[in-house]
Structure formats: structure tokens, C-alpha cells
Amino acid sequence: MKIMLAPMEGVVDHLMRDMLSRVGGFDQCVTEFVRVVDQKLPKKTFYKICPELHTDGKTASGVPVRVQLLGQHAQWLAENAETAVELGSPGVDLNFGCPAKTVNKSKGGAVLLKETQTLYDIVKAVRDAVPQHIPVSAKIRLGFEDKSLAVDNAIAITEAGASELVVHARTKTEGYKPPAYWDWIAKIKQHTDIPLVANGEIWNADDAQKCQEQSDCINLMVGRGALAMPNLARAIKFGDSPMPWPELAALLIQYSGYEIFGDKGRYYPNRIKQWCGYLKRQYPEADILFNDIRRLTNSQDIVDVLARQSSQ
């Protein structure tokens with residue numbers, strides 16, 4: 001079984017990847033997307049999104065991090081894929097699943113699921129541009145407004161030479177509303193021979209098992225579930241119990257150190273409140289924490305509250 005940490009724009013940055021990969025259980029991470037429009041981007045753009053390129057394309061705990069590209073023009077995506085690999089990315093991932101309106105309006109992400117030929121052209125161009133030993137993966141949803149092209153899109157991506165396909169088991173229109181239609185991944189699997197990774201609505205080990213059974217897919221990608229329970233990957237893989245709240249509060253303090261002294265310190269109060277929104281699903285204590293810090297704007301004041309909770 002391989003468990004991947006999902007790319008989540010504005011949430012799972014290099015700081016979060018570092019921390020969650022230290023908690024353990026993850027075999028691979030994927031970056032937030034690098035937006036490609038009509039030019040070859042400078043190296044600094046890749047280093048900003050993926051600082052792990054400075055450390056052999058891995059987090060501090062040794063988990064590989066694959067650069068993700070998003071765009072609509074096959075040749076520009078191919079040229080930027082070359083740059084990502086030259087800088088040390090252990091693979092290239094292509095985003096055909098982002099549901100954001102701003103991205104879709106500029107013909108990126110999930111809107112391309114309406115254009116099977118475009119998917120093929122992009123994957124083929126990127127596959128041809130990078131060395132054969134470098135994996136080229138893609139992430140899709142089941143469709144844009146409906147699932148009518150789900151199988152055709154997967155076949156096109158396979159025939160274009162993709163090494164791996166992550167399937168978020170919902171359409172763009174379905175967004176993140178439950179349920180996830182894991183059985184559709186099993187339908188796709190009947191038409192492709194590349195490894196599939198199931199994604200969507202995996203919050204605990206029981207969900208993971210049900211997903212694997214219904215999708216006929218052993219490999220998983222988790223995103224929001226890992227934010228709600230930071231040791232989710234270990235719970236799925238090794239049967240660990242959910243991290244106790246005092247231990248999690250200590251982890252939040254560790255995250256505080258990343259954020260405050262990292263390059264996003266000024267965003268820390270909003271980021272920690274955002275994270276509480278995910279944690280409330282698993283931990284009732286997170287609701288209390290949020291109420292205690294929601295009016296606080298000073299980072300140290302928030303850390304002081306966390307310190308009290310971690311010692312309780």
C-alpha cells in the first residue's frame with residue numbers, strides 16, 4: 001500500500017508537508033500546483049513552491065515530493081516539466097482536478113475533463129519531454145458536471161503514457177460534498193493497466209478500508225483527513241489510534257514554530273484557525289481551542305493558549 005499526501009492549495013505547503021511527513025505513514029507528497037500559462041517559468045518559481053528541491057526532492061524525513069503543474073498548453077507544460085526534473089523533482093504530476101472557479105475560468109484544472117483529447121495531448125507532451133525513468137502522474141476527478149467521460153479520460157491519460165493516475169471520486173460540480181463515489185474507480189480500473197490511487201472522503205482507517213474495497217484500489221491519497229487527524233496515514237497503515245489531544249496540541253506548537261519563523265509568519269493566526277476547522281471533525285477540543293483564539297491576532301498569544309492545552 002502506498003499512501004500519498006494530497007496537494008491542497010493554500011494549506012499543504014512545504015511546512016505542512018514537513019510536519020505531516022515527520023508524523024509518519026506517508027510514502028509520497030505532491031506540491032501545490034505551479035500555474036503554467038504561456039512561458040517557461042524561472043527556477044525561483046519552482047523553489048518557492050517546492051523548497052524540497054534543495055534537498056534532493058525530499059522532505060526532511062525522506063519522503064519524496066513531486067512537483068505538480070497546472071495549465072492547458074501542452075508544450076508549455078512540457079517545457080516546465082523539464083525544468084522541474086532538472087531541478088530535482090522525482091516526478092511530475094499534472095493537475096486535472098482543481099475545482100477552483102478562477103482556475104477553471106482560465107481553462108485549467110477540472111474544466112479540462114471536458115476535453116479528452118487535450119488531456120491526452122498534455123500527458124503525451126510531458127511524457128515525451130522528461131526522461132523515461134521519471135514518473136509522470138495525473139490527478140483527475142470523475143468529470144466536470146457528470147461522469148460520462150470518466151473512463152474515456154482515464155484511457156486517454158493511460159495511452160498518453162502516464163505512470164500513475166490519482167482519481168478523486170467526485171465531479172467538479174460535486175465538489176467536496178459526501179459521498180465519494182469510490183466504485184467509479186473500480187470501473188476505471190477495468191480499462192487501464194497503470195497504478196491507480198483512490199482519493200476522496202477518507203477521514204479514518206474504516207473509511208480507508210471501505211474505499212479500498214469499493215474502488216478495488218490499494219493505494220490511497222488523503223488530504224483533508226490528514227489535517228483532521230495528523231496521524232491518519234499511520235492509522236491506516238499500522239492501525240495506530242488517533243493522536244491524543246495533548247500530543248496534537250504540542251504538534252500545533254511545533255507548527256507555530258514553522259509558521260512564525262518561516263516565510264509565512266504573518267499568516268500564522270489565520271492558518272491555525274483554518275486548521276482548527278479541520279480538527280473539529282475528529283477532536284471536540286479543537287472547537288474549544290478555536291473559541292479561545294478566534295479573536296487573537298498575535299502569534300505569541302495563540303502559542304500561549306496552545307501551551308496550556310498541551311500540558312493538560
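Residues numbered from 1 in each chain as written. Predicted model: local features only at pLDDT ≥ 70, side-chain atom pairs only at ≥ 80, totals over all residues. Heavy atoms only, no water.

A. How the structure looks around the side chain of Ser21. Secondary-structure assignment places Ser21 in helix H1 (residues 14–23). Separated by 2.8 Å, the side chain of Ser21 and the backbone oxygen of Arg17 make a polar contact. Discounting residues that sit within four places of it in the chain, Ser21 has contacts with Thr59, Ser61 and Val63. (Helix = DSSP H or I, 4+ residues; strand = E, 2+ residues; numbered from the N terminus. Polar contact = N/O pair within 3.5 Å; in protein donor to acceptor, adjacent residues only side chain to side chain. Contact = heavy atoms within 4.5 Å.)

B. Fine view of the packing of aromatic side chains. Under the criterion given, the structure shown has 2 aromatic pairs. Note on Trp245 and Tyr283: the rings are 5.6 Å apart at their centroids and 50° apart in plane angle, and the pair reads as tilted. With Trp245 in helix H11 (residues 245–261) and Tyr283 in the loop between helix H12 (268–279) and helix H13 (284–293), this residue pair connects regions lying 38 residues apart in the sequence. Each member of the pair, Trp245 as well as Tyr283, carries the same accessibility label: buried. In this structure, Arg141 packs its charged tip against the face of Tyr176, placed 4.9 Å from the ring centre. Here the guanidinium or amino end of Arg281 rests over the ring plane of Trp203, the centre of that ring lying 3.8 Å away. (Phe/Tyr/Trp six-rings, centres within 6.5 Å; stacked < 30°, edge-to-face > 60°. Buried < 20%, exposed > 50% of the residue type's maximum accessible area, 1.4 Å probe, protein only. Lys NZ or Arg CZ within 6 Å of the ring centre and 35° of its normal.)

C. Examining the sheet that holds strand S8 (residues 219–222) more closely. Spatially, S1-S2-S3-S4-S5-S6-S7-S8 is the arrangement adopted by the 8 strands of the closed barrel, whose pairing is parallel. Across the sheet, the axes of successive neighbouring strands diverge by a mean angle of 30°, strand direction being ignored. Where strand S7 (residues 196–199) and S8 come together, 3 bridges link them in parallel fashion. Looking at S8, one finds that Asn199 is bridged to Met221. Its contacts with the sheet place H1 against strand S1 (3–5), strand S2 (28–35) and strand S3 (65–70), and it is angled at close to 170° to S2. (Pairing = 2+ DSSP bridges. Axes fitted to C-alpha atoms, helices over the stretch in contact; angles between N-to-C directions.)

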